[in-house]
Amino acid sequence: MLSFTLRRLLLAIPTLLFISLVIFLLLEASPGDPLGDVPLTVPPEVRERMRAALGLGEPWPVRYLLWLKQFFWVEPLYWTDRWFGTDFSQGAQRIISFQSRSPVFDVIAQRIPQTLTVVGMSYVVGILIAIPIGILSAYKQYSWFDQIGTFISMIGFSMPTFFTGVVLIIIFAVNLQWFPSVYNTTLEVNDWDSFLQQVRQMVMPVTVLALYNAAQISRFMRSSMLDNLGQDYVRTARAKGLSERKVVLKHVLRNSLIPVVTVIALGLPAVFGGAIITEQVFRVNGLGQLLISAIHANDIPMVLTLTFIFAILIVVFTLIADILYGVLDPRIRYD
Amino acid sequence: MDDKPLVSIEELRVEFETNDGVVVGVRDVSFTINPGECVCVVGESGSGKSVSSLSLMRLVEFGGGTIAGGKLMFERNDGQVVDLATQSGAAMRDIRGNQIGMIFQEPMTALNPVFTVGDQLVEGLIAHRGLKKHEARARALEILRQVRIPEPERRLDQYPHELSGGMRQRVVIAIAMACEPRLLICDEPTTALDVTIQAEILALIDRLKREKQIAVLFITHDMAVVAQMADRVVVMYRGDKVEEGTAVEIFENPQQDYTKMLLAAVPRLGEMTGKPAPERLRLMTDGTHGAPEPIIVKDPKPLLTVRNLTTRFAVKGGILRRTVARVHAVEDVSFTINSGETLSLVGESGCGKSTCGRSLLRLVEPESGTVDLGGTDIIGLSQRDLRRARRDMQMIFQDPFASLDPHMKLYDQVAEPMENYGIGSKSERQDRIAALFDRVELPRSYMRRYPHEMSGGQRQRIAIARALALNPKLIVADEAVSALDVSVQAQVLNLLMELQQDLGISMLFISHDMAVVERVSHHVGVMYLGRIVEMGTRAQVFENPQHSYTRQLMLAVPVADPRQKKISEDLTFRPIPSPMHPVDYVARPSVYREVAPGHRVLVDPVTHS
Amino acid sequence: ERGSDGQLGIVMWQAPSTMNPYLSGGTKEIIAGSLALEPLAGFDAEGAIYPRLVTEIPSLENGGISEDMTSVTWTLRDDITWSDGTPLTADDVVFTADYCMDPNGGCSQLAKFEGITAVEAVDPQTVRITFASPRPDPFSAFVGSQSPILQKAQFENCMGANAPTCTDQNFGPIGTGPFRVTQFLTNDTISLEANPEYRDPAKPAFATVLVKGGGDAAGAARSVLETGEFDYAWNTQLAPDVIAGMEAAGLGQVSAAFGSLVERIHVNLTDPSSSLPEGERSTAAHPHPFLSDPAVRQALSMAIDRELLVEIGYGTSGQATCNYVPAPESWASDNTDCLTQDIEGANALLEEAGWTMGGNGIREKDGVQLNMVFQTSVNAVRQDFQALIKQWWSEIGVETELKTVDASVFFGSDAGSPDTLQKFYADVQMYADNFDGNNPAPYLAKHTCDKAPSPANQWQGEGISRFCDPEYDRMVSELDGIIDAEERAQMGRTMNDMLTKDSNAIIPLVYRGTASAHANALGGVQLNAWDSEIWNIADWTRVAQ
Amino acid sequence: MTDTNTPEERVRALHAAAGNAATPEAASPPVVPPPVAATRSQWSDVWRQFRSHRGAMLGLVIFVSIILFVSVGPLVWTTDPTFVDIRARNSGFSLTHPLGTDQLGRDLLARLMAGGQVSIAVGLTAMIIAITIGSLIGVVSGYFRRLDGPLMRLTELFLALPLLPLLLLMVTLFREPLSQTFGPALGIFFLIVTAIGATSWMQAARIVRGEVLGLKEREFILAARSIGTPAHRMITRHILPNVLSPIMVAATLGIATAIITESALSFLGLGFPPDFPTWGRLLFDAVDQMVLYPWRVIFPGLLISLTVLCVNYIGDGLRDAMDPRIRGR
Ligand SMILES: Nc1ncnc2c1ncn2[C@@H]1O[C@H](COP(=O)(O)OP(=O)(O)OP(=O)(O)O)[C@@H](O)[C@H]1O
Ligand SMILES: Nc1ncnc2c1ncn2[C@@H]1O[C@H](COP(=O)(O)OP(=O)(O)OP(=O)(O)O)[C@@H](O)[C@H]1O
Ligand SMILES: [Mg+2]
Ligand SMILES: [Mg+2]
């Protein structure tokens, strides 16, 4: 398995380089300009100067190579310096965002916590809801529970979050005033009160996203359970005289989770990518919001870096999913 | 032994709710089992054997069945006689695994792949005996010893896939035996196993029955196994019991036609002694009387010559995925098949039979050797010529359920090879397909059906029709009848032999069943670890086996005669060693000793003794 | 009393990305910057200039402006300290000028410093700015929140190419304003606290400010008007009935400030047809097949009901207008002819000009059909306008195809994209524009012949309509020399009419205010369209309800 | 082994399950094949089985009604969906405007019908494109070992591509030539469906590949090879029909995502001309006015959900019906 992992990691390097090149070229070629936000009152000559100051005067291969160097060389050095107090980077230019003129990685580091708490939590909650529902609706297939589950998850799947989010805000923030409609990213949790406040501000975004996630995962869970409920070993387990509870929750569940766990692992990069619309609606301002605002502002270094990190996550989680599969399923061997 | 039966099934009727209405799985079955007695239930596939046994455990309900009538009286440990059909769920859970144990047919799937053997063993003990975890583990170890698994300590922490089929079946038996039930239900426990392993498992069950005075309900369609195991026999047909009696009565004096037919369909080892050539089986349904003609080829000429065929599979590993080892699946194999004759390859699972057959058609690429079919060197052909050459060689596969595309109608399946080679116009093809259906004795109306609407035997006929569609000179039948139950197997065997007789087709018949091989072949090759260890005419190999492995195989075959019980405890066969070798391993060429003209025995390398 | 009113919550749904307005010309950054940074002088709600860090506004009378109008002298107040406690000196002002005018830095306020030859510290309290030529209106650099004073000590190492590496400085500038930054999360949240060094010991009333970014205009308005989580929301441009619905909750209201922003339609006087070779589309080389006919342009303008547009799209934050320059008052033309819709008149006009109705309801002449592409940026109100105008035009036999472009592309002036407003690969397009401060002259100067965007200037020209009139060009060059204010305004009005009423090259629609929502509990809010709209935030208080 | 098993549930599994519990071999044959009429066309079989699936039938009926509503509806209710009747704006339910009007006085009923035409057309076409690309890539990479690596890396690339810039680029490059050739509406339609299709095939590709890898090990594929079936026919005749079921699942989910993605595109300015109604757009436009005029979100929302739900159930039914193994039962 070690060599399998190593091999895949080695293979990932050219893949990722290629991906980064494609993304870079795509961003280069797509229309729009980092100065789109600059008001029309700014005369063209000044605009030209501003562009030059952003380094946009250089030909693209130069900028691409520079970015590669900054990403793979300067940034790691910088972070080593930061953590170990060394001075390897020697003030080399880091990747700078066009919008804010601040290092891209600093901004990303700022955004990760809220993305992880909100989007990550919603993923966890979604999974926690989805698995029991999946189990039950498979075990009682075609029962009313199953039918309603299917119905609700299809509705959940077909309703865009820009709609459900606003509905929640109108009901719970405007009319009932239970939860805040704006997420406060600066809130520090250090006592019970602030913890409650944090919980309150997470309720709505987490609910919206969790429902969406749960809708999908419960479908997977159900199908996987159905596959396994018909297996021979289930009969063996019953023939041992085990209770239904034990048969389903131990024998069937463990096997059914195998494909679902990989589905979950493959869905994880999306957590880091953020949930763009939900973040917008509740003003969570995580990575999703960062990406979309960077795209709108044509902040190429930011978009490039974010999507590339995202690509790394996709590749890594695909690998993790493969490895998890093997860990969970003793039958899988890596050659 | 007291005469009070442990179990008595009275007028059992089981129904299934399906989309097309109610299907009756078991119509009216009654029989009893006494303590310490082995009752065998025989019958063809779908006759209701499994459903009856599952009803006893009340497991049919989980498959959508209901016990619609009858009583299932069972004497519990405490002496109380209860009707299992009306017990509550909790009471049944106490009986299942505790007082009745069950062994299933498919050892590959009967165990949960993600739990260790130990885990699965202790579960029942903890549930029924209330043992602590470590106590249960100790007991589990003890049971594994009882079922004579080598290195039982290690097995406890292994996963099912790490065990061989035979060992897995022993684990299943151990699970069933864990709480020392008084009734053991065995549903075709050996059908999927090799003869040698089958012999061992049968011996094990027999020993447990004798030692522990357990009642055994043994389900099978193999009459030879019945003869070896049964005290009494119940014959079932389409959900009904047709006959019941002691083993000797049933074998020597069957009353019902169905029973007679079943018996006739069983090839018995040694039956062919003294016969010059293969003969069809005499089936009750044939209507033909008198002895069938032997299939004698007047002037046999070599059709297929195979020399030094070697096929190896690379095992890749490491970061660069280089070949780290190789499976020597077929190693220096040479043989010849004459036109119109049958060569059989026999051997146990994993010995390379299938690979050998597939290498001939280059469905797997052989590493070296020559394959000469009627003057064409198959190995040297380009992909395009190879396609053309394959018209002369066709295969029939083992699993009739897997070898037909479930999404295609039978007509299309048979038409496909002709379409591939652009043979004939549409109407010509239609005629030919109709003729082929007649040839394999399927009604023409079946053309519009899908494979799943057919029985296994019928499917295998379609596979044969498909193979015949191209008028091949050679058919490679890879375990073509292994998955079929006796009566169907007999029909398909007869069909194959009849076709050979009529069309003069040569056949490479691959099987692990010695009795079948004896019946159908002109020549026999015994394979072991990728090599042919003994080769000769049928008479030479079966009547004068020279190689120790051949002898061992013969010994393991059960005899379809209740008076000749062969099962004994000292039957232990050595497991086949791994054919995997490091890359730099140099395989020695096979050296044979000629015992008699055409009868060769491998002397070097010595792989089995 | 300073700090007695707790926290002030401001939502800016387009989040500020930096506090340094010299690095980003965006309104959001300028507003954010104005919380901490101050210019020498600002504009009040009426557009009049008033002193902030100086003792008085320089003028000819007080000698602050030299006789020949080539220099202006500012005298700093002596009681101003930076938020780190050091005093403000003339050096800081000089430094700020150097900072922006550094040839290696992409200073977005460079236009403010145009024509300046020198900025000198006469003494620690006095700064003199010298211009290359006489300036009738010398108040551009250091006036208004676009060009505030930076602290030399803090920004010394951030000149030119180093500007982007100074993240800490850009995110937490030391200023003289009422607040100072405690935490800056770019594009998200800014936390500020009252500046202890602020010159008025009683101000600001709020102890802290939280500026929250993200979301959309509706959500921002909702958090002020309906949930009351915030006190002030910037740029809540929403449909009037939606705002009315939210205001009904009684927590706050939306008000608008009128500057010089006009929503208008530009008519393409050149041919955008894609059958032309690239480089010749939308250039003076090919006049537009039918929009070059003044009658057609006028008919287009006549068919529009501007009052209705206002009612639907802007409510109280808009006024129907016929002017390109709607303010200052003296510059605004009195033309109101266009305010009444006249479909019949438009039809008659077209008929007269020879555009006859074809069978499919589209007018045509000499085989040319009145078929147009009408583009604008993505924006709900603009899309409603498009639909309405399309309908009106269809009533005069003009068929319109609507097209929308993502705002960042449309306004992005990327020479490589075909969808920018400069390229104008459409027949008509709609957007809004304004000018800085209260001098419309440069704004009018955009429409000279040589400023038409074309490959020659990498499509960076500003004469979007490709309007070209030698008479107009002459007036532009004359305008610079005129010193008398009334005379200037007079000429400005004439030029405005040339662009709109006379030629209809620009069809003004709505004089727009910038709408902002604020809670009723917030006192002192006085909207201002000429400067940062929170210009007087130091005076804001929480009022009891 | 990488990928997920087949996603979504497979009803087939359930049927198989019912059989399995009692019969050890996975597919123990009914010994007596049911007596069936000799000639039956395959499609009548499919239809017969489909009809017996209650949910699917109900879904079909509703779906057909929706289709009729959007296609025949405009012939009956002839109000122009883009006609601005400014005096009647924001009107409630009335005889002239049965479902009210929007902020410009456009008739909501007419807009729902016109919007439905576009949304359903976009949903179906984009889904077909995505599924075609997905299945193609999936089958090819599953079937041809050598192409597996590169194609899966390609899939990863597409997963990583930022959608928005990609779409912007596509629109910039192709909007004009397309609207020149096909007219503005049709041109943009092509653009949008290709854009959505080209960026949503990855999931399907991964799923199909997984299935094909499993399928390749099955004996009937070997059998087909031994009777000389060439690769292309192998794929079309043997592989594709057998991976139909996961493709169906992906397809039903794909329609929903396509309809919603389209709405997201229109508010980024990449979609249809702004006066061109689609369900997603109607929903999005009305979100701000949800409190004042709730029905303006309810109707388009309801129609989207209903369509997705119906398609899902129809997909379920079709999947069962196309699988002869289930059909026979
Ligand atoms: N779950 C089920 N649903 C419907 N019919 C069933 C089901 N299980 C079994 N049957 C039917 O009941 C009959 C008896 O089946 P059973 O499994 O007992 O046969 P068997 O004798 O064990 O055959 P085999 O040798 O193939 O195992 C068959 O006709 C079968 O089709
Ligand atoms: N594709 C393959 N790759 C690697 N090893 C293989 C492959 N196919 C077969 N083998 C190995 O080659 C050996 C011979 O296999 P083969 O299938 O020919 O045996 P067999 O005699 O047909 O057995 P059975 O009776 O189980 O069908 C076995 O050890 C098997 O594991
Ligand atoms: Mg059975
Ligand atoms: Mg084999």
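Every chain begins its residue count from 1, and numbering advances along the sequence as written. Chains and ligands are labelled by the order in which they are written, letters from A for the one and numbers from 1 for the other. Only residues with pLDDT of 70 or above have their local features reported here, since the model is predicted, and side-chain atom pairs are shown and tallied only from 80 upward, although totals for entire chains, interfaces and linings are computed over all residues. The side-chain numbers reported here are obtained from all heavy atoms of the structure, hydrogens and water having been left aside.

The name given to chain B in an unreviewed UniProt entry is Glutathione import ATP-binding protein GsiA, with the source organism recorded as Paracoccus liaowanqingii. UniProt positions are given in the numbering used here, feature names are shortened, and annotations may be inferred rather than shown by experiment. The annotation that UniProt attaches to chain B under Function (unreviewed entry) is "Part of the ABC transporter complex GsiABCD involved in glutathione import. Responsible for energy coupling to the transport system." The UniProt entry for chain B carries the following comment under Sequence similarities (unreviewed entry): "Belongs to the ABC transporter superfamily. Glutathione importer (TC 3.A.1.5.11) family."

(A) View of the state of the cysteines. Defined by distance alone, a disulfide is two cysteine sulfur atoms within 2.5 Å. On inspection of all chains with the given rule, the structure shows four disulfides over all chains. The disulfide bridge from C449 of chain C ends at C468 of chain C, spanning 2.0 Å between sulfur atoms. Between C449 of chain C and C468 of chain C the sulfur-sulfur dihedral comes to about 95 degrees; the bridge is accordingly right-handed. Residue C449 of chain C is found in the loop between α12 (441-444) and α13 (470-481), and its partner C468 of chain C is found in the loop between α12 and α13; the two are separated by 19 residues along the sequence. For chain C, the disulfide bridges join cysteines in the arrangement 1-2, 3-4, 5-6, 7-8, where the cysteines are counted in sequence order. Sulfur of C179 of chain B: no disulfide; nearest cysteine sulfur belongs to C186 of chain B and is 16 Å away. What counts as a helix is a DSSP run of H or I of at least four residues, what counts as a strand is a run of E of at least two, and both are numbered from the N terminus.

(B) Summary view of empty space enclosed by the protein. All names here are of chain B. Any residue with an atom within 4 Å of a point lines the site, the site being either a cavity, points on a 1 Å grid over the protein atoms alone where a 1.4 Å probe fits but cannot get out, or a pocket, an open set with protein on both sides within 12 Å along at least 5 of 7 lines. Grid points are joined across faces, edges and corners, and a volume is the space filled by probe spheres set on the points. Under the definition given, this model contains 17 cavities of 30 Å³ or more. Quantified by volume, the largest cavity comes out at close to 500 Å³. What lines the largest cavity is a set of 30 residues, and nearest its centre among them are Q198, D222, Q489, H512 and D513. Looking at the lining of the largest cavity, the element that brings in the most residues is helix α18 (residues 514-520), giving three residues. Throughout this entry, Asp, Glu, Lys and Arg are counted as charged residues, while Ala, Val, Leu, Ile, Met, Phe, Trp, Tyr, Cys and Pro are counted as nonpolar. The remaining residues, Gly among them, count as polar. Classifying every residue of the lining of the largest cavity gives 17 nonpolar, nine polar and four charged. Bear in mind that the domain bounds are from an automatic or database domain assignment. Viewed by domain, the lining of the largest cavity spans two of them, domain 1 (1-99 + 214-266) and domain 2 (301-392 + 472-602), each represented by three or more residues.

(C) Looking closely at the side chain of T355 of chain B. Secondary-structure assignment places T355 of chain B in helix α12 (residues 353-360). What makes two residues a contact is simply this: any of their non-hydrogen atoms within 4.5 Å. With residues near it in sequence (within four places) discarded, T355 of chain B still touches T311, F313, A329, V330 and V364 of chain B.

(D) Region of interest: the interface of chain C and chain A. Facing the 62 residues of chain C at the interface are 50 residues of chain A. Joining two parts hides part of their accessible area as seen by a 1.4 Å probe, and the buried area is that hidden amount summed over both. Both faces considered, chain C and chain A share a buried interface measuring about 4300 Å² in area, 52% of it formed by carbon and sulfur atoms. A carboxyl oxygen of Asp or Glu within 4 Å of a side-chain nitrogen of Lys or Arg is what we treat as a salt bridge. There are zero salt bridges connecting chain C and chain A. Whenever a nitrogen or oxygen atom comes within 3.5 Å of another N or O atom, the pair is scored as a polar contact, on the condition that within protein one atom can donate a hydrogen and the other can accept it, and that pairs from neighbouring residues in sequence are kept only if both atoms are in side chains. At the junction of chain C with chain A, the criterion picks out 15 residue pairs in polar contact (both at pLDDT 80 or more). Looking at which element gives the most residues to the side of chain C that touches chain A, the answer is helix α5 (residues 217-225) of chain C, with four residues. Classifying every residue of the side of chain C that touches chain A gives 20 nonpolar, 28 polar and 14 charged.

(E) Seen up close, the interface of chain C and chain D. Across the contact, 29 residues belong to chain C and 26 residues belong to chain D. Where chain C abuts chain D, roughly 2300 Å² becomes buried across the two surfaces, and 53% of that area is made up of carbon and sulfur atoms. Linking chain C with chain D are zero salt bridges, by the criterion used here. Grouping the amino acids of the side of chain C that touches chain D by side-chain chemistry returns 13 nonpolar, seven polar and nine charged.

(F) Here's a closer look at the pattern of salt bridges. According to the stated counting rule, one finds 74 salt bridges over all chains in the structure shown. For K209 of chain B, the salt bridge identified is with D206 of chain B, shortest N-O distance 3.9 Å. Here D206 of chain B and K209 of chain B lie together in helix α8 (residues 195-212), a separation of three residues that amounts to about one turn. Judged by its relative accessible area of 9%, K209 of chain B falls in the buried class. Taking the relative accessible area as the measure of exposure, D206 of chain B reaches 12% and is therefore buried. In this structure, the salt-bridge partner of R474 of chain C is E471 of chain C, at a minimum N-O distance of 2.8 Å. Within this pair, R474 of chain C and its partner E471 of chain C are both found in helix α13, separated by three residues, close to a single helical turn. Each residue gets one of three labels from its accessible area relative to the maximum for its type: buried under 20%, exposed over 50%, partly exposed in between, using a 1.4 Å probe on protein chains only. Residue R474 of chain C is classed as partly exposed on the basis of its relative accessible area of 38%. The network of salt bridges with common partners includes E37, R232, K241 and E244 of chain B.

(G) Layout of the pairing of strand β20 (residues 531-537) of chain B. All names here are of chain B. Among the seven residues that make up β20, six are buried, leaving the element largely enclosed by the rest of the structure. Here strand β19 (residues 523-528) runs beside β20; their pairing, made up of six bridges, is antiparallel. When the bridges of β20 are listed, M527 appears paired with I532. Hairpin connection, β19 to β20: the antiparallel pair is bridged by two residues, and L529 has positive phi, about 50 degrees. At least two bridges found by DSSP between two strands are what make those strands a pair.

(H) Molecular detail of the site of ligand 2. All names here are of chain B. One heavy atom within 4 Å of a molecule or strand makes the whole residue count as near it. Near ligand 2 you find 13 residues, and of these S349, G350, K353, S354 and T355 are the closest. S349 places a side-chain nitrogen or oxygen 2.6 Å from an oxygen atom of ligand 2. In this structure, K353 approaches ligand 2 through a main-chain N or O atom, which is 2.9 Å from an oxygen atom. Surface accessibility follows the Shrake-Rupley procedure with a 1.4 Å probe radius. Residue values consider only the protein chains on display as shielding. When isolated, ligand 2 has an accessible area of 630 Å², and the protein chains bury 62% of it. Sorting the residues of the shell around ligand 2 by element identifies β12 (322-338) and α12 as the ones contributing at least two each. Ranked by residues supplied to the shell around ligand 2, first place goes to α12 with three residues. Here the residues of the shell around ligand 2 sort into five nonpolar, five polar and three charged.

(I) Quick look at the sheet that holds strand β15 (residues 376-377) of chain B. Residues and elements named next belong to chain B. Ordered in space as β15-β14-β11-β12-β21, the five strands form an open sheet in which the pairing is antiparallel. The open sheet is flanked by β15 and β21 (580-582), the only strands paired with a single partner. Sheet analysis places β12 next to β21, joined by three bridges and oriented antiparallel. Bridge pairing in β21 places R326 opposite H581.

(J) Looking closely at the packing of aromatic side chains. Under the pairing criterion, centres of Phe, Tyr and Trp rings, with the six-membered ring standing for Trp, must be within 6.5 Å; the plane angle then separates stacked pairs below 30 degrees from edge-to-face pairs above 60, leaving the rest tilted. Applying the stated criterion across every chain yields a total of 46 aromatic pairs over all chains. Seen in terms of ring centroids, F410 of chain C and F411 of chain C are 5.0 Å apart; in terms of plane orientation they differ by 70 degrees. Their pairing is edge-to-face. As far as burial versus exposure is concerned, F410 of chain C and F411 of chain C are alike and both buried. A ring pair is formed by F93 of chain D and F299 of chain D, whose centres lie 6.4 Å apart and whose planes are at 70 degrees; its orientation type is edge-to-face.

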